[in-house]
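# Structural overview
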Amino acid sequence: MPSCHSLLISPEELQQLRAAGAPVMVFDCSFELSDPAAGPRMFAASHIPGAVYADLDHALSTHEPVHAVSAGRHPLPDRETFAAWLRHIGFHNGMQAVVYDRNGCNYCGRLWWMLQWMGHAAVAVLDGGLQGWEAQGLPLAAGEASGAPATSSDFVMQPALVSLASTEEVLAHLNAPDRRLVDSRGAPRYRGDVEPMDPVAGHIPGALNRPFSDNLGPDGRFKSPAQLREEFDALLGTDTALPVTVYCGSGVSATPNVLALALSGRPTPTLYAGSWSAWCTHQPPLPVARG
């Protein structure tokens, strides 16, 4: 593929690629943590024509410990397990992947990160999500996701383009002055005021708070690279050589911060995929900060 979209793609750019007959696969990652069945219902009600539904619980996570490379509520499947799913749906190395949701990039960022993890650079988030597509008057389809396998592919994994941190690695660098740790959850959960999902409230000691939703403007699109850079400089300092690790509740909503940091021109940060749900349930217990 001579050129590709690897961060963001606009609805207009996606429509142009499809009109030109470029090899593109579009993924709908819409989901609701409080109602896992809502994602397929939303997809059935409306989606971009030809989109494949990527279910957070079943395609982008694994519940078989032998295939998991992280702990927590949404364990990351190992690369071979995820590659097998990509082959099953017919995705191949020459395709441009476009991922979207209708949840402010909360879930599609996970698939963007996972494809980068497979070494596939040609994956972009649809800026503005399904709402941005609809706002341009572009076509929609309805109907349930097909349960029948598409023609399988010979997708081949490449060296990872992003990095993954374990609980042990995060613990080893706790409060290190030459590193930055970013918590991507909302401020009340970061402070420990509330905790609707996990058994312990609070955050990893030394972590700075950057809710993933802060990356979007009022129109639902990502802020400009210049604005993101200014905001991240204010949070992290201007020394971009300092390694950054991001986490959230279960390794999902941290991924928009990975994307936003890359958009800002900073080096792509490391993802702690186990995140708070792995940290706060670790045995023996690990330190917790509040406030």
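What comes next concerns the included structure. (Residues numbered from 1 in each chain as written. Predicted model: local features only at pLDDT ≥ 70, side-chain atom pairs only at ≥ 80, totals over all residues. Heavy atoms only, no water.)

## Regarding the side chain of threonine 255
Along the chain, threonine 255 falls in helix α9 (residues 255–263). In this structure, threonine 255 is in contact with Gly109, Arg110, Trp112, Trp113 and Leu271, ignoring residues within four places of it in sequence. (Helix = DSSP H or I, 4+ residues; strand = E, 2+ residues; numbered from the N terminus. Contact = heavy atoms within 4.5 Å.)

## Details of the packing of aromatic side chains
Applying the stated criterion across every chain yields a total of 8 aromatic pairs. One aromatic cluster is present, formed by Phe27, Phe82, Trp85, Phe91 and Phe155 through successive ring pairs. (Phe/Tyr/Trp six-rings, centres within 6.5 Å; stacked < 30°, edge-to-face > 60°.)

## Comments concerning the sheet that holds strand β6 (residues 164–165)
If you trace the 5 strands from one edge of the open sheet to the other, you get β6-β10-β9-β7-β8, paired in parallel fashion. With partners counted over all chains shown, the strands left at the sheet margins are β6 and β8 (208–209), one partner each. Taken together, the 4 bridges between strand β7 (residues 180–183) and strand β9 (residues 244–247) define a ladder with parallel strand orientation. Note on β9: the bridge partner recorded for arginine 180 is valine 244. Here α9 sits on the sheet in contact with β7, β9 and β10 (270–272), set at roughly 145° to β9. (Pairing = 2+ DSSP bridges. Axes fitted to C-alpha atoms, helices over the stretch in contact; angles between N-to-C directions.)

## What to know about the side chain of histidine 120
Looking at the secondary structure, you find histidine 120 in the loop between α4 (108–117) and β5 (123–126). A polar contact of 3.3 Å, which involves the side chain of histidine 120, links it to the backbone oxygen of alanine 122. Those residues in contact with histidine 120 that sit more than four places away from it in its chain are Phe91, His92, Asn93, Met95, Ala97, Leu115, Phe155 and Leu161. (Polar contact = N/O pair within 3.5 Å; in protein donor to acceptor, adjacent residues only side chain to side chain.)

## Regarding the packing of α4 against α9
Running from amino to carboxyl end, α4 crosses α9 at an angle of 65°, the nearest separation of the two axes being 7 Å. Two packed elements cross with a definite hand, and for α4 against α9 that hand is left-handed. Contact residues: α4 offers Gly109, Arg110, Trp112 and Trp113, while α9 offers Thr255, Val258 and Leu259. Grouping the amino acids of the contact of α4 with α9 by side-chain chemistry returns 4 nonpolar, 2 polar and 1 charged. (Left-handed = near helix turned anticlockwise from the far one by under 90°. Nonpolar A, V, L, I, M, F, W, Y, C, P; charged D, E, K, R; others polar.)

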